[in-house]
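Geometric and topological summary
Here is what each chain is made of, one letter per residue.
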Amino acid sequence: MPPSPPASPLPTIDISPFLHPSTPSRLHSTSASLSAACTNPGFFYLTNHNLSRALTSRVLALARAFFLHAPAAEKERIRRLGVGVGTGDGARGYQVVGDNVTEGKRDWHEAIDWYRPVREGEPFESAGGGREDGRAGGGREGPYELLKGVNAWPAYPEGFREVYEEYVEKMSELGTAVVKAMGLALGHGMEEVFVGNTRRSAWVMRAIGYPPLPEDGTTGKDEGGVSCGAHSDYGCVTLLLADETAGALQAWVESEGEEGRWVDVDPMDGALVVNIGDMMSRWSGGKWKATRHRVLHRGGGYRVSVPFFFEPDWDAGVPGKEGEEEVIYGKYLEGKVKGNF
């Protein structure tokens, strides 16, 4: 039986018809529900996906173990470095609390960022060639261009990379199913457009650790007093796996005839939280909404989440907003990373 949804204005979407052989009526029913969810509020719960509980539990447990127990030297070994600094590409690697910046304010969380490996002979290729091999031993060596380095994988806890690479495979499969459903919902050949422009998705994955915000409300001179500042995502689809912490993630929900308000997006057992980004809003001609959201973790305990951003191909052309020219996703992403989102 699918899990019961929590008391929330956010809808629940069963994605199984797009993962397994199904009837046209079920496909169209799911895509219609998904279209309504993307129109408003732009956030929803995704159930009956392709992720086992054993895998999701392991992914969260490994992240928690790293953030809470990894030696300082191990965190430093995989630290994010600037372009031209050693093996840095300005994006991949570990960030201490306060390194991540949203709208000019430092966020109260630590994280590891991974990006799609650079493949030789593709537009995403960087100078140097070679294979995705991590920083330790062999493989590629810097300097790298922005975003075009190698992923940094923790050696502690044991098995981290193997589990997360399995997770990437599953999430890439799931992302394809979701954009296929979205394309069917929009019609006019958009199913082929979405699938065709995400075959080599420039995906991004983060493991994020949120210590509770200080009780006195201060997080330092340059911080915004939040765990992660309000923002909309910049790509296609965000697939979020989070622990059981409630009252942290919030979405800005607007209802007709009512003022907008922050709504808690609490975890739902067995479900992922999904929201769309700016690229999908553009592809839908503005019909769908890239909803702003934030994290305020004021409760006890240490919150862990692992968002997977299923994005367009690096060289995918995405329609501009009204009056604007088409954007190339990779160039758009570079601009976002340079500007700290």
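This one's a predicted model, so the numbers in the text were calculated from it and none came from an experiment.

Description of the layout of surface pockets
A probe matching the size of a water molecule, rolled over the atoms, marks out where space remains unfilled. A volume near 650 Å³ is recorded for the largest pocket. If you trace the largest pocket, you find 40 residues lining it, with Arg206, Cys228, His231, Asp233 and Phe309 closest to the centre. Tallied by class, residues from the lining of the largest pocket come to 18 nonpolar, 11 polar and 11 charged. Together, 27 residues line the second largest pocket, and Leu241, Ala242, Met268, Gly270 and Ala271 are the ones closest to its centre. Where the lining of the second largest pocket is concerned, the elements lending two or more residues are helix H2 (53-69), strand E9 (237-242) and strand E12 (272-276). The greatest single-element share of the lining of the second largest pocket, amounting to 4 residues, is contributed by H2. Of the residues belonging to the lining of the second largest pocket, the class tally is 14 nonpolar, 7 polar and 6 charged.

Looking at the packing of H2 against helix H4 (residues 160-186)
Remark: H2 packs on H4, axes separated minimally by 10 Å, with the N-to-C direction vectors making an angle of 135 degrees. One way to sum up the angle between H2 and H4 is to call them oblique. Judged by the sense of rotation from one axis to the other, the crossing of H2 with H4 is left-handed. The residues of H4 that touch H2, namely those facing Leu55, Arg58, Val59, Leu62, Ala63 and Phe66, are Phe160, Val163, Tyr164, Glu166, Tyr167 and Lys170.

Things to note about the sheet that holds strand E2 (residues 43-47)
Strand order in the open sheet formed by 8 strands is E1-E2-E12-E9-E14-E7-E6-E3, and the pairing between neighbours is mixed. At either margin of the open sheet sits one strand with a lone partner, and together these are strand E1 (12-14) and strand E3 (93-95). In this sheet, neighbouring strand axes are inclined to one another by 25 degrees on average, regardless of whether the strands run parallel or antiparallel. Sheet analysis places strand E6 (residues 110-115) next to strand E7 (residues 204-210), joined by 6 bridges and oriented antiparallel. Bridge pairing links Glu110 to Gly209 in E7. The sheet strands contacting helix H1 (residues 24-39) are E1, E2 and E12, and the helix crosses E1 at an angle near 155 degrees.

A closer look at the sheet that holds strand E10 (residues 249-253)
Within the open sheet, the 4 strands sit side by side as E8-E13-E10-E11. Their pairing is antiparallel. Strands with a single pairing partner mark the edges of an open sheet, and in this sheet they are strand E8 (228-231) and strand E11 (261-264). The sheet shows a mean angle of 25 degrees between the axes of neighbouring strands, taken without regard to direction.

Examining the pattern of salt bridges
Counting across every chain of the model gives 15 salt bridges. With a closest N to O distance of 2.9 Å, Arg53 and Asp269 form a salt bridge. Here Arg53 is found in helix H2, whereas its partner Asp269 is found in the loop between E11 and E12, with 216 residues between them in sequence. Taken as a pair, Arg53 and Asp269 share a single burial class, namely exposed. In this structure, Arg77 and Glu74 form a salt bridge, with 3.0 Å as the shortest nitrogen-oxygen distance. Of this pair, Arg77 and Glu74 both sit in helix H3 (residues 72-77), 3 residues apart, roughly one helical turn. With a relative accessible area of 33%, Arg77 lands in the partly exposed category. On the accessibility criterion, Glu74 (11% relative accessible area) is buried.

Observations concerning the packing of aromatic side chains
Scanning the entire structure with this criterion turns up 11 aromatic pairs. Relative to Tyr164, the ring of Phe160 lies with its centre 4.3 Å away and its plane at 10 degrees, an arrangement referred to as stacked. Of this pair, Phe160 and Tyr164 both sit in helix H4, 4 residues apart, which is roughly one turn of that helix. Residue classification places Phe160 among the buried positions, given a relative accessible area of 1%. Taken together, the ring pairs connect Phe66, Phe67, Tyr94, Trp114, Trp153, Phe160, Tyr164 and Tyr302 into an aromatic cluster. Note that Lys75 overlies the ring of Phe66, its terminal NZ or CZ placed 5.7 Å from the centroid.

What counts and how
Residues numbered from 1 in each chain as written. Predicted model: local features only at pLDDT ≥ 70, side-chain atom pairs only at ≥ 80, totals over all residues. Heavy atoms only, no water. 1 Å grid on protein atoms, 1.4 Å probe; cavity = no way out; pocket = protein on both sides within 12 Å on 5 of 7 lines; lining within 4 Å. Points joined across faces, edges and corners; volume = space filled by probe spheres on them. Nonpolar A, V, L, I, M, F, W, Y, C, P; charged D, E, K, R; others polar. Helix = DSSP H or I, 4+ residues; strand = E, 2+ residues; numbered from the N terminus. Axes fitted to C-alpha atoms, helices over the stretch in contact; angles between N-to-C directions. Parallel < 35°, antiparallel > 145°, perpendicular 65-115°, else oblique. Left-handed = near helix turned anticlockwise from the far one by under 90°. Contact = heavy atoms within 4.5 Å. Pairing = 2+ DSSP bridges. Salt bridge = Lys/Arg side-chain N within 4 Å of Asp/Glu carboxyl O. Buried < 20%, exposed > 50% of the residue type's maximum accessible area, 1.4 Å probe, protein only. Phe/Tyr/Trp six-rings, centres within 6.5 Å; stacked < 30°, edge-to-face > 60°. Lys NZ or Arg CZ within 6 Å of the ring centre and 35° of its normal.

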